[in-house]
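What follows is each chain in one-letter form.
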Amino acid sequence: VRGIPAIYDIDKDGKDDIICTAADGIHVVKMNGTEAPGWPRQFTMDPTGYGFPTPTVTSFGGAFDSVITLIDNQGVIRAHRFSGAPYFYSTNGRFASFFGYEGNASYFNGNSVTATDLDGDGKTEVVATNSALVPMSGVALFDGRTAQPAFNLPYPQIISGYGVFGTVLADLNGDNLPEIITVGYDQQGMRTVWVKTRGVNDLPGWPHTFPEIPGWRGNYPMVADLDLDGVPEILLTFYEFDIGSLYIFRADGSPFIQRPGKPAGEAFRAAVTMSSPTVGDLTGDSHPEIAIRGGHIFPGGGNEMVYVLDYEGRPIPGWPIATPADPSDIFSTPFAPLVDDINNDGRAELVLASEPGVLYVWNFAAQYDSTKTHGRLLLDNKNGGILRPAKSPTDVGSDENGLPASIVLHQNYPNPFNPSTTISFELPERGPVRLTVYNILGQQVSGVFEGTLSPGVHQLTFDGSSLASGTYFYKLETRGESITKKMVLLK
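Structure report, in brief. Positions within a chain are numbered from 1, following the residues in the order the chain's sequence is written. Residue-level local features of this predicted model are given only where pLDDT is at least 70; pairs of side-chain atoms are given and counted only at 80 or more, and the full residue set underlies all totals for whole chains, interfaces and linings. Here the side-chain values reflect all heavy atoms present in the structure, with hydrogen atoms and water set aside.

Let's talk about the overall build of the chain
Part 1: Each helix corresponds to a stretch of at least 4 residues labelled H or I by DSSP, and each strand to a stretch of at least 2 residues labelled E; elements are numbered beginning at the N terminus. Secondary structure summary: the chain contains zero helices and 37 strands in total.
Part 2: Compactness check: the chain gives a C-alpha radius of gyration of 22 Å against a globular reference of 23 Å for 491 residues, within 12% of the reference.
Part 3: Overall, the chain is about 65 × 55 × 45 Å in size when its C-alpha atoms are taken along their principal axes.
Part 4: When a residue's accessible area, from a 1.4 Å probe over protein chains only, is under 20% of the maximum for its type it is buried; when over 50% it is exposed; and in between it is partly exposed. When the 491 residues of the chain are sorted by exposure, 54% land in the buried category.
Part 5: Every residue pair with non-hydrogen atoms within 4.5 Å of one another is taken to be in contact. Considering only contacts within the chain whose residues lie at least 6 apart along the sequence, 51% involve residues at least 24 apart.
Part 6: In the structure as shown, the chain presents an accessible area of about 20,000 Å², 51% of it carried by carbon and sulfur atoms. In this treatment the radius of gyration is a C-alpha quantity, and the globule benchmark scales as 2.2 Å times the residue count to the 0.38 power. Method for areas: the Shrake-Rupley scheme with a 1.4 Å probe, in which residue coverage is limited to the protein chains shown.

Here it is in C-alpha cells:
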C-alpha cells in the first residue's frame, strides 16, 4: 500500500474508516483493522510511478456522499458505492475511460477524480485528471448520471497537454460555483496553469505560462485566501534538480507577489525540491502561513528542510529548519506537510511524513483556526480537491440576507442534558438534511431527522429517555458536508 488514503465513515457506524488502494484493488479498513462490509473490491491495479491511485469519496448525483472513485493507471475511472457494489451494476466498477480506451499513465502525475456541480444546473459533473504516456494528458468532464461527456460535448476533454501535475477546484469569481484549476504542461511543453469556469470556459486572465522554467516539475496546486479579502489565491510550486520556487497568483491571473528582478508571481525560491504547499494559521496573527517540505533529487544531496513562510512568502522567525532525517535517506518525494489540531488541544500542529518512514510533529502556540487553514493535500480528508467555505463556531459569516456562508452545527443546549436537549444548526441553502445520534461504540441510536429544509436557522429536539447515561455524538449531513459534535446524557 502506497498512496494517499481517504478518511470517511463509509459504513455509517459513527467512526471514520480508511479508504486506500493496493495492487489487489480498493480497501475500506475500519479502526479495528477489519474490512468494512462489502470490502475489499478486488481487481488488479498496477502502481502509477511510486504509488497506487488516489481514492476519492464523493457523490455522482445524490445529495449525500455515496461513491468511492479513482482513476487507475490505464486511464479507467472506477466507481463503487459505499456498499461495495459497482456504481453501474453491470460494469464491475468501471465508470468511464479518460480517452474512451485504455492507455498507460505517465510516471509523474497528479491523477485524480472528483465531482461537483460546475454550472449550477443541479446536475453533478465528474472531473477527471489524467497524465498518460500516449497520446495526451489533461482534464475531462463526465455526466455523473450517465458517464457520457458532460454538457453534451463531443469529447470529454476540456484541457489537453503533455502532462498534468494536479487539479483542485475553488470559486475564484464569486459566482458560488467552483472553477477548475489545473497545473501541467501544454502541447508545446510549456509549464501552464489553466483555470476553467462553468466547466469549459477560460476564466479571464488565464491560462498562464511559465517560459522561465522549461522542464521543471510541478505539484498539486493549493488555493487559500492569503490576504483575507474573501477571494482565494492560487499557490504553485515547481522545481528542477535542487532549485525550487513558490509562485502565488490572484484569482484574476495577476501576481500576488512581485519581487524585483524575479519572474512574475515568484514569491520564494530555495535550493531544494519542493512539495505542494499547505496553508494554515501557525502564529496566531491575522494571516495564515505557508508550509513546504524541501528535499533533493538525489539521496545525500542535503538535509530535509521544512519551510514556514508568512502569507507573502517570507520565512518566519526560526524557520526553515532541517529535520533529523539522515541526508542519505532524503529524496525528492513531494511529501506535503499537514496543519491540523491532531491532539485536540485547540492548538495547531505541523506534521510531516519523512522519507525514512518517520513522522515529525511541531507544536505551535496559535489556536487552531479552521477558517484560515487548508492544511491538507487535496484540501480535505475525502481527497475531494475542492475548497469549500470554511466553518467557524464563533464567526460563521453570512451573506446580505443573513444566511451563513456554509453549514453550521451548534453545541446542543443544555449539555449535559436529561432527558431532552435542543440541537441547532444553520443552512446556507435549501437542501437535504440528515441528523443522527451515535453512541461511543459508533452504533446509531437515533435518526433525529431526515428530509429537506429551507435555508436559515433550525432547531430540533432530541429525546434521550430510552437511552442510558453516557457520551453520545450527533452528526449533521447535507450536500456532501458533515459535522459531528459530542454531548452528554446525565440521568
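What about the pairing of strand 7 (residues 76–81)?
Part 1: Summarising burial for strand 7: five of the six residues are buried, a large majority.
Part 2: When DSSP locates at least two bridges between a pair of strands, those strands are taken to pair. Of the strand pairs in this sheet, strand 6 (residues 67–71) and strand 7 are connected by five bridges, and their pairing is antiparallel. Counted as the bridge partner of Ile71 is Ile77 from strand 7.
Part 3: Taken together, strand 6 and the strand that follows it, strand 7, pair antiparallel across an intervening segment of four residues, in which Gly75 is found at a positive phi of about 80 degrees.
Part 4: Here strand 7 runs beside strand 8 (residues 94–97); their pairing, made up of three bridges, is antiparallel. Paired with Arg78 across the bridge in strand 8 is Arg94.

A few points about the pairing of strand 9 (residues 112–116)
Part 1: Taking burial as the measure, the five residues of strand 9 include five buried ones, the bulk of the element.
Part 2: Bridge count for strand 9 against strand 10 (residues 125–130) is five bridges, and the pairing is antiparallel. Bridge pairing in strand 10 places Thr114 opposite Val127.

Quick notes on the packing of aromatic side chains
Part 1: Aromatic rings from Phe, Tyr and Trp, taking only the six-membered ring of Trp, are treated as a pair when their centres fall within 6.5 Å; an angle between ring planes under 30 degrees marks them as stacked, one over 60 as edge-to-face, and anything in between as tilted. The tally for this structure, following the rule as stated, stands at 20 aromatic pairs.
Part 2: Their ring planes at 10 degrees and their centres at 5.6 Å tell us that Phe88 and Phe95 sit as a pair that is stacked.
Part 3: On the basis of relative accessible area, Phe88 is assigned to the partly exposed category, the value being 23%.
Part 4: Taking the relative accessible area as the measure of exposure, Phe95 reaches 6% and is therefore buried.
Part 5: Cluster of aromatic residues (ring-pair linked, three or more members): Phe60, Tyr87, Phe88, Phe95 and Phe142.
Part 6: Look at NZ for Lys and CZ for Arg. If either is within 6 Å of the ring centre and within 35 degrees of the ring normal, a charge sits over the ring. Its end group placed over the ring of Phe43, Arg78 keeps NZ or CZ at 4.1 Å from the ring centre.

Regarding the sheet that holds strand 31 (residues 408–409)
Part 1: Here we have three strands laid out as an open sheet, ordered 31-32-35, and antiparallel in their pairing. Both outer strands of the open sheet, strand 31 and strand 35 (456–463), are each paired with one neighbouring strand and no more.
Part 2: Here two bridges tie strand 31 to strand 32 (residues 420–427), and the two strands are oriented antiparallel to one another. Along strand 32, the bridge assignment pairs Val408 with Glu426.

Digging into the sheet that holds strand 2 (residues 17–22)
Part 1: Strands sit in the order 1-2-3-4 across an open sheet of four strands; the sheet is antiparallel. Two strands bound the open sheet, and with one partner strand each, they are strand 1 (6–8) and strand 4 (41–42).
Part 2: Where strand 3 (residues 25–29) and strand 4 come together, two bridges link them in antiparallel fashion. Bridging from a neighbouring strand, Gly25 pairs with Gln42 of strand 4.

Observations regarding the nonpolar core
Part 1: Among buried residues, those of type Ala, Val, Leu, Ile, Met, Phe, Trp, Tyr and Cys that are joined through side-chain atoms within 4.5 Å constitute a nonpolar core. Residues Ile181, Leu235, Leu236, Phe238, Leu246 and Ile290 are the most contacted members of the largest nonpolar core, which totals 41 residues.
Part 2: Ile181 has contacts with Gly166, Thr167, Val168, Ala170, Leu172, Val193, Trp194, Val195, Pro221, Val223 and Ile234, leaving out every residue within four places of it along the chain.

Looking at unusual backbone geometry
Part 1: For the bond running from Trp39 to Pro40, omega is 10 degrees, close enough to zero to count as cis.
Part 2: Note on placement: Pro40 falls in the loop between strand 3 and strand 4.
Part 3: Across the junction of Asn418 and Pro419, the peptide omega takes the value -10 degrees, indicating a cis bond.
Part 4: The topology assignment puts Pro419 in the loop between strand 31 and strand 32.
Part 5: In this model, Arg198 sits at a positive phi of 50 degrees, which is unusual for a non-glycine residue.
Part 6: With respect to the helices, strands and loops of the structure, Arg198 is situated in the loop between strand 15 (191–197) and strand 16 (201–202).
Part 7: At Leu379, a residue that is not glycine, the phi angle is positive and equals roughly 75 degrees.
Part 8: Looking at where Leu379 falls in the secondary structure, it is placed in the loop between strand 30 (359–367) and strand 31.
Part 9: Classification of Leu379 as buried rests on a relative accessible area of 14%.

With respect to the side chain of Glu304
Part 1: By the secondary structure assignment, Glu304 is in the loop between strand 25 (289–295) and strand 26 (305–309).
Part 2: Throughout this description, a polar contact denotes any pair of N or O atoms lying within 3.5 Å of each other; where both atoms belong to protein, one of them has to be capable of donating a hydrogen while the other can accept it, and for residues adjacent in sequence the pair is counted only when both atoms sit in side chains. Polar contacts involving the side chain of Glu304 include one to the side chain of Ser354, which spans 2.8 Å.
Part 3: Once residues lying within four places of it in the same chain are set aside, the contact partners of Glu304 are Arg293, Gly294, Ile321, Ala322, Thr323, Ala325, Ile330, Leu352, Ser354, Glu355 and Tyr360.

Notes on the environment of Ile386
Part 1: Inspection of the secondary structure puts Ile386 in the loop between strand 30 and strand 31.
Part 2: Placed 271 residues apart in sequence, Ile386 and Ala115 show a C-alpha to C-alpha distance of 9.0 Å.

Observations regarding the pattern of salt bridges
Part 1: Salt bridge, as used here, is a side-chain nitrogen of Lys or Arg placed within 4 Å of a carboxyl oxygen of Asp or Glu. According to the stated counting rule, one finds 16 salt bridges in the structure shown.
Part 2: Between Asp72 and Arg78 there is a salt bridge, with its nearest N and O atoms 3.5 Å apart. Of the two residues, Asp72 and Arg78, both sit in the buried class.
Part 3: Arg269 is the partner of Glu266 in a salt bridge, and the nearest nitrogen-oxygen pair spans 2.9 Å.
Part 4: You can call Glu266 buried: its relative accessible area is 2%.
Part 5: Overlapping salt bridges bring together Asp11, Asp13 and Lys30 as one network.

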